Amino acid sequence: MTSTQAHPAPVKSQAAGDGFSHKLARVADTVETFLVERLGPEVGPGEIARPPRLMEAMRHAVLGGGKRLRPFLAVETARMLGGSEAGALAAGAGVELVHCYSLVHDDMPAMDDDDMRRGKPTVHKAYDEATAILVGDALQTLAFEIVADPTWQPDPSIRADLVLGLARASGLGGMVGGQLLDLTAEGRFGPVSLDVDDTLRMQAMKTGAILAFSVEAGAMVGGATRDERAALLRYGLALGQAFQIADDILDREASPEAMGKATGKDKDAGKATLVDRLGLDGARAECDRLVGVCEEAVVRWGDRARTLCEAARFTVARKV
């Protein structure tokens with residue numbers, strides 16, 4: 001259905017249930033299969049060799065864990081718009097690889113210094129720091145190789161938009177810049193005090209930019225109009241903000257066993273969070289408000305946006 005056709009009635013707000021969990025798991029399985037194929041030992045076009053230790057460590061970093069929410073958002077947004085699922089899957093897998101590379105580097109001693117991730121040793125613990133650095137580098141470049149590959153997206157203009165968008169979302173004005181602001185907020189480079197707006201800006205860059213681009217990628221693949229892309233960007237930005245706040249709440253309340261990693265470290269490290277600024281009740285209320293923003297942003301698509309609305313509710317209700 002194109003944007004000029006009539007839209008069904010708005011989706012009624014309800015908690016994300018088993019149906020959504022099955023959809024998320026189904027896409028996660030498809031993404032896992034796609035990533036297993038990309039991380040195999042076979043030498044690809046233009047490659048000279050694939051060092052076994054590097055490939056083993058890359059698989060350790062990527063496979064067998066994670067909700068795969070970012071590729072899910074790309075796939076479901078494209079599906080809502082009638083776009084290519086294969087193209088959205090490849091774009092989403094590229095975003096997921098960028099996300100995984102950021103976790104590998106973020107876990108290292110110079111950053112957050114974590115020993116566990118998704119219930120298993122972090123890459124620098126399972127291997128060593130030098131290997132972990134190279135794993136992150138390789139995952140990032142592989143992400144852009146996949147997104148730029150015409151096998152998955154034959155339209156060169158869409159490929160160019162995807163590459164540009166992913167670079168901006170993951171780079172100095174997005175995720176990487178946000179990570180630097182996060183370290184700054186810890187006092188790494190001298191005393192600093194962040195207010196609510198500063199904290200929101202940092203989180204929008206560190207976490208929100210990549211999540212928002214996941215939705216944008218689906219919109220690009222789905223052929224969204226400029227107005228539709230603006231609406232989906234509003235959805236993605238609100239979702240990214242809600243995701244980070246929910247993560248901060250979980251860091252305070254969830255057990256390390258449930259999370260598969262250490263919890264409570266953000267508070268100990270003095271990281272800037274909205275939980276500190278607003279309190280737990282205020283942070284939960286802000287999550288609820290942001291879910292409303294997400295639902296309003298996609299109301300034009302009516303029942304076709306049900307899964308995206310469920311994704312917003314899942315983001316704030318998740319326990320891990």
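What counts, and at which threshold
The written sequence of each chain sets the order in which its residues are numbered from 1. Side-chain atom pairs in this predicted model are given and counted only at pLDDT of 80 or more, local residue features only at pLDDT of at least 70, and totals for whole chains, interfaces and linings cover all residues. Only hydrogens and water are set aside; all other atoms, that is, all heavy atoms of the structure, feed into the side-chain values. Note on ring pairs: Phe, Tyr and Trp rings are taken, using the six-membered ring of Trp, and paired if centres are within 6.5 Å. Classes follow the plane angle, with under 30 degrees stacked, over 60 edge-to-face and the rest tilted. A helix here means a DSSP run of H or I that spans at least four residues, while a strand means a run of E at least two residues long, and both kinds are numbered starting from the N terminus. Type-normalised accessible area, obtained with a 1.4 Å probe on protein chains alone, sets the label of each residue: buried when under 20%, exposed when over 50%, and partly exposed for intermediate values. By definition here, charges over rings are those cases where NZ of Lys or CZ of Arg is within 6 Å of the ring centre and within 35 degrees of the ring normal. Take the buried residues of types Ala, Val, Leu, Ile, Met, Phe, Trp, Tyr and Cys, join any two whose side-chain atoms come within 4.5 Å, and each joined set is a nonpolar core. By the convention used here, residues are in contact when the closest approach between their heavy atoms is within 4.5 Å. Salt-bridge detection follows one rule: a side-chain nitrogen of Lys or Arg within 4 Å of a carboxyl oxygen of Asp or Glu. In the analysis that follows, any N or O atom pair within 3.5 Å is treated as a polar contact, provided that within protein one partner can donate a hydrogen and the other can accept it, and provided that, for residues neighboring in sequence, both atoms belong to side chains. Detection works on a 1 Å grid of protein atoms alone, calling trapped sets that fit a 1.4 Å probe cavities and calling open sets with protein on both sides within 12 Å along at least five of seven lines pockets, with lining residues defined by an atom within 4 Å of a point. Grid points are joined across faces, edges and corners, and a volume is the space filled by probe spheres set on the points. For this scheme, ten residues count as nonpolar: Ala, Val, Leu, Ile, Met, Phe, Trp, Tyr, Cys and Pro. Four count as charged, namely Asp, Glu, Lys and Arg, and the remainder, Gly too, count as polar.

1. Considering the packing of aromatic side chains
Step number 1: Considering all chains together, one arrives at three aromatic pairs under this definition.
Step number 2: Between Phe-20 and Phe-72, the ring centres sit 5.4 Å apart and the planes meet at 85°, which makes this aromatic pair edge-to-face. Here the residue Phe-20 occupies a position in helix α1 (residues 18-38), and Phe-72 occupies one in helix α3 (residues 69-81), the gap between them amounting to 52 residues.
Step number 3: Classification of Phe-20 as buried rests on a relative accessible area of 1%.
Step number 4: Judged by its relative accessible area of 0%, Phe-72 falls in the buried class.
Step number 5: Geometrically, the ring pair formed by Phe-20 and Phe-314 is tilted, given 5.3 Å between the ring centres and 45° between the ring planes. Taken together, the positions of Phe-20 in helix α1 and Phe-314 in helix α14 (residues 306-317) put the pair 294 residues apart, joining distant regions of the chain. Here Phe-20 matches Phe-314 in class, with each residue buried.
Step number 6: Through a chain of ring-to-ring contacts, the aromatic side chains of Phe-20, Phe-72 and Phe-314 assemble into a single cluster.
Step number 7: Its guanidinium or amino end placed over the ring of Phe-34, Arg-38 lies 4.5 Å from that ring's centre, counting from NZ or CZ.

2. With respect to unusual backbone geometry
Step number 1: Although it is not a glycine, Asp-113 sits at a positive phi angle of roughly 55°.
Step number 2: Among the secondary structure elements, Asp-113 is positioned in the loop between α4 (85-106) and β1 (116-117).
Step number 3: Within the chain, Arg-118 stands out as a residue other than glycine whose phi angle is a positive 55°.
Step number 4: In this structure, Arg-118 sits in the loop between β1 and β2 (120-121).

3. Overview of the nonpolar core
Step number 1: Counting residues in hydrophobic clusters, the biggest one holds 82 residues, and the most contacted among them are Val-62, Leu-73, Leu-139, Leu-162, Leu-232 and Tyr-235.
Step number 2: Ranked by the residues each element gives to this core, the list is headed by α4, at eleven residues.
Step number 3: The contacts of Leu-162, once residues within four sequence positions are left out, are Ala-91, Val-147, Gln-153, Phe-213, Ala-217, Met-220 and Val-221.

4. Concerning the pattern of salt bridges
Pairs can form between side chains of opposite charge once their charged atoms are near each other.
Step number 1: Enumeration over the complete set of coordinates arrives at 22 salt bridges.
Step number 2: Between Glu-76 and Arg-79 there is a salt bridge; the shortest N-O distance is 2.6 Å. Of this pair, Glu-76 and Arg-79 both sit in helix α3, three residues apart, which is roughly one turn of the helix.
Step number 3: The buried category is assigned to Glu-76, whose relative accessible area is 6%.
Step number 4: The class for Arg-79 is partly exposed, based on a relative accessible area of 37%.
Step number 5: A salt bridge links Arg-252 to Asp-276; its shortest N-O distance comes to 2.4 Å. A residue pair is termed long-range when its members are at least 10 positions apart, and Arg-252 in helix α10 (residues 226-253) and Asp-276 in helix α13 (residues 274-297) qualify at 24 residues.
Step number 6: A cluster of three or more residues bridged by salt bridges with shared partners is formed by Glu-32, Arg-68, Glu-96 and Arg-118.

5. Overview of the side chain of Arg-117
Step number 1: Looking at the secondary structure, you find Arg-117 in strand β1.
Step number 2: Classification of Arg-117 as buried rests on a relative accessible area of 16%.
Step number 3: Among the polar contacts listed, one links the side chain of Arg-117 to the side chain of Asp-107, at a separation of 2.7 Å.

6. A look at empty space enclosed by the protein
Step number 1: Applying the stated criterion across every chain yields a total of two cavities of 30 Å³ or more.
Step number 2: Volume-wise, the largest cavity comes out at about 100 Å³.
Step number 3: Where the lining of the largest cavity is concerned, the elements lending two or more residues are α2 (52-62), α4 and β2.
Step number 4: The residue makeup of the lining of the largest cavity, split by class, is six nonpolar, two polar and four charged.

Everything listed is a geometric property; what it means functionally is a separate question.
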